[in-house]
Amino acid sequence: VTITTRLLVSHLSGIRHYEKDIAKVKEEKEKANRALKLTKAHQDKEQKEGKGTEKSDSVKPRKEHDSETKSRNSKPGRRDKEFEQEEYYLKEKFESVIESLKIFKNDPLFFKPGDQFLYSTYGFTLLSAVVERASGQKFTDYMLKMFRDLDMLSTVLDDNEAMIYNRARCYVYNKKGRLVNAPYVDNSYKWAGGGFLSSVGDLLKFGNALLYSYQAGQFKSSIGKLLPGYLKAGTVAMMWTPVPKTEVSWDRDGKYAMAWAVVEKKQECGCCRKQRHYTSHTGGAVGASSVLLILPEELPPGTVAARPVAPPRGVIVTIVCNMQSVSLNSTALKIAREFEKEKQA
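All of these numbers come straight from a predicted model, not from anything done at the bench.

**Examining the overall build of the protein chain**
Step number 1: Each helix and strand counted, the protein chain has 11 helices and 9 strands in total.
Step number 2: Taken across its 345 residues, the protein chain has 39% of its residues classed as buried.
Step number 3: Sequence-distant contacts, at least 24 apart, represent 67% of the contacts inside the protein chain between residues at least 6 apart.
Step number 4: Within the structure as shown, the protein chain displays about 20,000 Å² of accessible surface, and the carbon and sulfur contribution to it stands at 54%.

**Brief notes about helix α6 (residues 139-149)**
Step number 1: Regarding α6, the residues found buried are Phe 139, Thr 140, Met 143 and Phe 147. Taken down its axis, α6 places every buried residue within 95° of arc, on the same side. Structural note: α6 exposes Lys 145 and Arg 148 on the side pointing more than 90 degrees away from its buried face.
Step number 2: Buried-residue contacts for α6 involve α4 (97-100), α5 (121-135), β1 (156-157), α7 (191-194) and β4 (196-197).
Step number 3: Asp 151, located one to two residues past α6, shows a positive phi value of around 65°.

**Some details on the environment of Gly 229**
Step number 1: Along the chain, Gly 229 turns up in the loop between α8 (200-223) and α9 (233-239).
Step number 2: For the pair formed by Gly 229 and Gly 217, sequence separation is 12 residues and the distance between their alpha carbons is 9.0 Å.
Step number 3: The residues contacting Gly 229, other than those within four sequence positions of it, are Tyr 212 and Ser 213.

**What about unusual backbone geometry?**
Step number 1: Along the chain, Pro 311 connects to Pro 312 via a cis peptide bond; the corresponding omega equals 5°.
Step number 2: The topology assignment puts Pro 312 in the loop between α10 (303-306) and β9 (314-321).
Step number 3: Residues other than glycine seldom take positive phi values, yet Asp 151 does so here, at roughly 65°.
Step number 4: The topology assignment puts Asp 151 in the loop between α6 and β1.
Step number 5: Take Asp 151: its relative accessible area is 39%, and that puts it in the partly exposed class.
Step number 6: Even without being a glycine, Cys 271 presents a positive backbone phi close to 60°.

**Regarding the sheet that holds strand β8 (residues 288-296)**
Step number 1: Across the sheet, which stays open at both edges, the 5 strands sit in the order β5-β6-β7-β8-β9 with antiparallel pairing between neighbours. At either margin of the open sheet sits one strand with a lone partner, and together these are β5 (255-256) and β9.
Step number 2: Where strand β6 (residues 261-263) and strand β7 (residues 278-285) come together, 3 bridges link them in antiparallel fashion. Bridge assignment links Ala 261 to a residue of β7, and that residue is Ser 280.
Step number 3: Helix-sheet contacts for helix α11 (residues 329-344) involve β7, β8 and β9, and the interaxial angle to β9 is about 145°.

**Here's the deal with the pattern of salt bridges**
Step number 1: All chains considered together, the criterion is met by 17 salt bridges.
Step number 2: Here Lys 145 makes a salt bridge to Asp 149, at a shortest N to O gap of 3.1 Å. Placement of both Lys 145 and Asp 149 in helix α6 is noted, with a separation of 4 residues, approximately one turn of the helix.
Step number 3: A residue is classified by how much of its surface remains accessible, and Asp 149, at 44% relative accessible area, is partly exposed.
Step number 4: A salt bridge links Glu 268 to Lys 266; the nearest nitrogen and oxygen atoms lie 3.5 Å apart.
Step number 5: What makes Glu 268 exposed here is its relative accessible area of 61%.
Step number 6: The exposure class of Lys 266 is partly exposed, given its relative accessible area of 43%.

**Looking at a nonpolar patch on the surface**
Step number 1: A cluster of nonpolar side chains, contributed by Val 1, Ile 3 and Leu 109, occupies part of the molecular surface with about 260 Å² of accessible area.
Step number 2: Residue classification places Val 1 among the exposed residues on the basis of a relative accessible area of 77%.

**Some remarks on α5**
Step number 1: With 15 residues, α5 extends 21 Å between its outermost C-alpha atoms, agreeing within 8% with the 21 Å of an ideal straight helix rising 1.5 Å per residue.
Step number 2: Those residues of α5 not exposed but buried are Thr 121, Tyr 122, Gly 123, Phe 124, Thr 125, Leu 127, Ser 128, Ala 129 and Glu 132.
Step number 3: Of the surrounding secondary structure, the elements contacted by the buried residues of α5 are α1 (5-9), α4, α6 and α7.
Step number 4: Downstream of α5 by a residue or two, Gly 136 has a phi angle that is positive, lying close to 75°.

**Description of the packing of aromatic side chains**
Step number 1: Tallied over the entire structure, the rule returns 13 aromatic pairs.
Step number 2: Where Tyr 88 meets Tyr 89, the ring centres are 6.5 Å apart and the plane angle is 55°; that geometry is what we call tilted.
Step number 3: Among the residues examined, Tyr 88 registers a relative accessible area of 5% and is labelled buried.
Step number 4: Residues Phe 104 and Tyr 122 carry aromatic rings whose centres are separated by 5.0 Å and whose planes lie at 20° to one another, so their mutual orientation is stacked. Taken together, the residues Phe 104 in the loop between α4 and α5 and Tyr 122 in helix α5 connect sequence positions 18 residues apart.
Step number 5: Residue classification places Phe 104 among the buried positions, given a relative accessible area of 7%.

Here is what the cut-offs are and how they apply
- Residue numbers here run from 1 along each chain, matching the order of that chain's written sequence.
- Residue-level local features of this predicted model are given only where pLDDT is at least 70; pairs of side-chain atoms are given and counted only at 80 or more, and the full residue set underlies all totals for whole chains, interfaces and linings.
- Heavy atoms from the whole structure form the basis of all side-chain values; hydrogens and water molecules are not counted.
- To qualify as a helix, a DSSP run of H or I must reach at least 4 residues; to qualify as a strand, a run of E must reach at least 2; elements of each kind are numbered from the N terminus.
- Exposure is judged per residue with a 1.4 Å probe applied to protein chains only, and the accessible area is read against the type maximum: over 50% gives exposed, under 20% gives buried, and values in between give partly exposed.
- Contacts: residue pairs with any heavy atoms within 4.5 Å of one another.
- Using the Shrake-Rupley algorithm and a 1.4 Å probe, accessible areas are obtained, with residue cover drawn only from the displayed protein chains.
- This arc is taken over the directions from the axis of the helix to the C-beta atoms.
- Paired strands are those between which DSSP finds at least two bridges.
- Note on geometry: axes are lines fitted to C-alpha atoms, helical ones only across the stretch in contact, with angles between N-to-C directions running from 0 to 180 degrees.
- Salt bridge, as used here: a side-chain nitrogen of Lys or Arg that lies within 4 Å of a carboxyl oxygen of Asp or Glu.
- Patch membership is restricted to residues that have no salt bridge and whose relative accessible area is over 30%. Joining uses 9 Å for like charges and 5 Å for the nonpolar side chains Val, Leu, Ile, Met, Phe, Trp and Tyr.
- Expected helix span is taken as 1.5 Å per residue step, with the number of steps being one fewer than the number of residues.
- In summary, the pairing rule links any two rings of Phe, Tyr or Trp, Trp by its six-membered ring, whose centres are within 6.5 Å, and it sorts them by plane angle into stacked for under 30 degrees, edge-to-face for over 60 and tilted for everything else.

Set out below in structure tokens:
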């Protein structure tokens, strides 16, 4: 088979995640699909009966996404099944991303590349190896230079041995529902898929750099010459274009694109639920949770010429939490909408 970088970045490669048993993966996916169908059927029924419409930007679903619901309703101490996988707790130190490929390189693919979606941290490990070979330098050195270019000076490798100023302690709930220190892990086996430490300030800079790149082309004709974006506008647009056959566990309105979950602008009927265009990604690690959400400002025709204000234009929300298995995406979206309402007012 052929596995391309585009398949890796959209989680269509067939490479496994932490779970090695394909039967268990299929069972979990079938359960999730059944739950989603029931939820959609319930919403369709309510809409036909004329219920559940509000004057806000969107109608709050009667039943939110499975992971969000479980997080709110679960008792402290109940473990997320995801974090029961042994490979989350590896303590071995790997000297390079090429070396860390040995964890999964001899395992069978779960499906033919391109056929199905399966979120895979190890797919991103392979992607980091591609970057390392293509750039001719260590992946970690390549990324740290990029972070410096973006002025993200607080974003570093989660290296246990290094003295890192203001590094937070991480926590988990134990089986008795008490907060305890997170267990020791070495994330050198997955730098690209969960091995960096950052701050909310740096993540906002990252979001702004992407949003500026995305919007810069729309403003050039009205404002005059702008500095170029860190990425080409077409590159960001491609990254934020939903890829067929993908899905998103933390936002049922979205599809996966290229390393981002994307919700497209949509409204089927007047005075009904309005879906805004935004992009996001959550993060989960042993003892920590995070989200970065970008809500670009909607620019009606003529707005750019009438109000020549330079990009980035929109709302960016990031939350970093030093506790495991905290669902943050819906909270980030609510915050973004409140700030957007304030700007419009």
